[in-house]
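Residues per chain, in single letters:
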Number of protein chains: 2
Amino acid sequence: MKRHRHSEQRELIYKVLKGSKEHPSAEHIYQNLKEVAPSLSLATVYRNLNFLVEEGRITRIPCNVNRYDANTAEHIHFFCTECDGLFDLDNLTIPFDASALEALGYEVNRCDVIFKGICPNCIKANKQ
Amino acid sequence: MKRHRHSEQRELIYKVLKGSKEHPSAEHIYQNLKEVAPSLSLATVYRNLNFLVEEGRITRIPCNVNRYDANTAEHIHFFCTECDGLFDLDNLTIPFDASALEALGYEVNRCDVIFKGICPNCIKANKQ
DNA sequence: GTCCTTGCAAATAGTTTGCAAGCCG
DNA sequence: CGGCTTGCAAACTATTTGCAAGGAC
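Residues numbered from 1 in each chain as written. Chains lettered and ligands numbered in written order. Predicted model: local features only at pLDDT ≥ 70, side-chain atom pairs only at ≥ 80, totals over all residues. Heavy atoms only, no water.

A. Broad picture of helix H1 (residues 8-18) of chain B. Inspection of H1(B) places B:Arg10, B:Leu12, B:Ile13, B:Tyr14, B:Val16 and B:Leu17 among the buried residues, and these make up the whole buried set. At its buried positions, H1(B) is contacted by helix H2 (26-34), helix H3 (42-55) and strand E2 (67-69) of chain B. (Buried < 20%, exposed > 50% of the residue type's maximum accessible area, 1.4 Å probe, protein only. Helix = DSSP H or I, 4+ residues; strand = E, 2+ residues; numbered from the N terminus. Contact = heavy atoms within 4.5 Å.)

Listed below in structure tokens is the structure:
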């Protein structure tokens, strides 16, 4: 793993992620920071997201387009196929047993659980 | 949903998927069928995979690159970050409770559970 | 001064789409 | 014959990379 120097951009990106509940994509973050840092480039966003994932400060959530989360604690996500919203399901926990996998000889690093369907908001909107 | 006519290509693609344990990507399937159907195009593979997903005959598994599975029963996957292998964990079940989500107002269509880490083979290979 | 970081543009990878020709029913 | 299906090439989207200039320590 590479040494990292302090970088204004990296902290900006992290701050956006930390202060957001929307699990933004790289593009989202880029748009969000355009005002504050007009010279910022999308490549830098991607590069720093990769650094942050590598460092474990953030998490990459595999959807159609990768989304990111500054809450690195294992928790479950719900992806709404209507509005592309990605929601935390903090109150739910799935009792997954990594030890069973380890007994089978696997080394488990992560577990992504993503429910897919339609969120309450979109259901309501559809009914109208 | 569109009406579908019988198509040789579609059944070929489905057959590859049905007869494979590797959860192939579109590219895999394409390469696999090149010998049997040299005129087949990658676009056709993608188009038919989408049809099959739409029909519910196969499942799309979101990894970095989408992988497909003709076993549409809910089951857990393990993705090896070393060899890109995608394995079924049939013996494990995660008691996921969609009803808890439905009580919250969500409409749940799918649940993808993907463990990530290193598979036994790669662990063995690394040690040598 | 070293070497990490950045912006830019170009490159790449995965996937989708327009179109004209072909094929099924 | 109508309209689904196909191959081809071009388009598109998400992401990565090469490079030279700028910045941290």
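There is more to say, and it comes next.
B. Spotlight on empty space enclosed by the protein. All names here are of chain B. If you walk through the whole model with that rule in mind, you get 3 cavities of 30 Å³ or more. Roughly 60 Å³ of internal volume is contained in the largest cavity. Every residue lining the largest cavity is listed: Thr59, Ile61, Asp69, Asn71, Thr72, Ala73, Glu74, His75, His77, Arg110, Cys111 and Asp112. Among the secondary structure elements, those contributing two or more residues to the lining of the largest cavity are strand E1 (59-61) and strand E5 (107-118). At 3 residues, E5 tops the list of elements feeding residues into the lining of the largest cavity. Each residue belonging to the lining of the largest cavity can be placed in one class, and the counts come to 3 nonpolar, 5 polar and 4 charged. (1 Å grid on protein atoms, 1.4 Å probe; cavity = no way out; pocket = protein on both sides within 12 Å on 5 of 7 lines; lining within 4 Å. Points joined across faces, edges and corners; volume = space filled by probe spheres on them. Nonpolar A, V, L, I, M, F, W, Y, C, P; charged D, E, K, R; others polar.)

C. Fine view of the pattern of salt bridges. Counted by the stated rule, this structure contains 8 salt bridges over all chains. Taking the shortest distance from any N to any O, the salt bridge between B:Glu55 and B:Arg57 comes out at 4.0 Å. Taking relative accessible area as the criterion, B:Glu55 reaches 33% and is therefore assigned partly exposed. Through salt bridges with shared partners, one network takes in A:Glu11, A:Glu55 and A:Arg57. (Salt bridge = Lys/Arg side-chain N within 4 Å of Asp/Glu carboxyl O.)

D. Representation of the domain arrangement of chain A in the model. All names here are of chain A. According to the domain assignment, chain A consists of domain 1 (8-69) and domain 2 (76-127). Relative to domain 2, the C-alpha centre of domain 1 lies at a distance of 21 Å. At the junction of the two partners, domain 1 supplies 10 residues and domain 2 supplies 10 residues. In total, domain 1 and domain 2 occlude about 780 Å² of area from one another, counting both sides; carbon and sulfur atoms represent 54% of this. If you look at where domain 1 meets domain 2, you find 0 salt bridges. In this assembly, domain 1 and domain 2 are joined by 5 residue pairs in polar contact (both at pLDDT 80 or more). The set of elements that each furnish at least two residues to the side of domain 1 that touches domain 2 consists of strand E1 (59-61) and strand E2 (67-69). Ranked by residue count, the leading element in the side of domain 1 that touches domain 2 is E1, at 3 residues. (Domains from an automatic or database assignment. Buried area = accessible area lost by both parts, 1.4 Å probe. Polar contact = N/O pair within 3.5 Å; in protein donor to acceptor, adjacent residues only side chain to side chain.)

E. Representation of the packing of H1(B) against H2(B) in the model. Residues and elements named next belong to chain B. Where H1 meets H2, the axes come as close as 10 Å, and the angle between the chain directions of the two elements is 110°. The angle between the axes of H1 and H2 places the two elements in the roughly perpendicular class. Residue-level inspection shows Leu12, Ile13, Val16 and Leu17 of H1 in contact with H2, the latter providing Ile29, Asn32 and Leu33. Taken together, the residues of the contact of H1 with H2 sort by class into 6 nonpolar, 1 polar and no charged. (Axes fitted to C-alpha atoms, helices over the stretch in contact; angles between N-to-C directions. Parallel < 35°, antiparallel > 145°, perpendicular 65-115°, else oblique.)

F. Looking closely at the relation of the copies chain A and chain B. After a rotation of 180° and a shift along the axis of 0.0 Å, chain A superposes on chain B with an RMSD of 0.1 Å. The operation mapping one copy onto its partner corresponds to a two-fold rotation axis. The rotation axis passes nearest to the C-alpha of A:Val113 in chain A, at a distance of 2.3 Å. When the interface residues of chain A are mapped onto chain B, 100% of them again lie at the interface, so the same face is used by both copies. (Least-squares fit on C-alpha atoms with pLDDT ≥ 70 in both.)

G. Main features of the protein's contact with DNA strand C. Surveying the vicinity of DNA strand C reveals 22 residues, the closest of which are A:Arg5, A:Ser7, A:Arg10, A:Thr44 and B:Tyr46. In the environment of DNA strand C, a phosphate oxygen lies 2.6 Å from a nitrogen or oxygen atom belonging to the side chain of A:Ser7. Within the side chain of A:Arg10, one N or O atom sits 2.5 Å away from a phosphate oxygen of DNA strand C. Broken down by secondary-structure element, the contributors of at least two residues to the surface near DNA strand C are helix H1 (8-18) and helix H3 (42-55) of chain A together with H3 of chain B. In terms of residue count, the dominant contributor to the surface near DNA strand C is H3(B) (5 residues). Of the residues that constitute the surface near DNA strand C, the class distribution is 6 nonpolar, 10 polar and 6 charged. (Near = heavy atom within 4 Å.)

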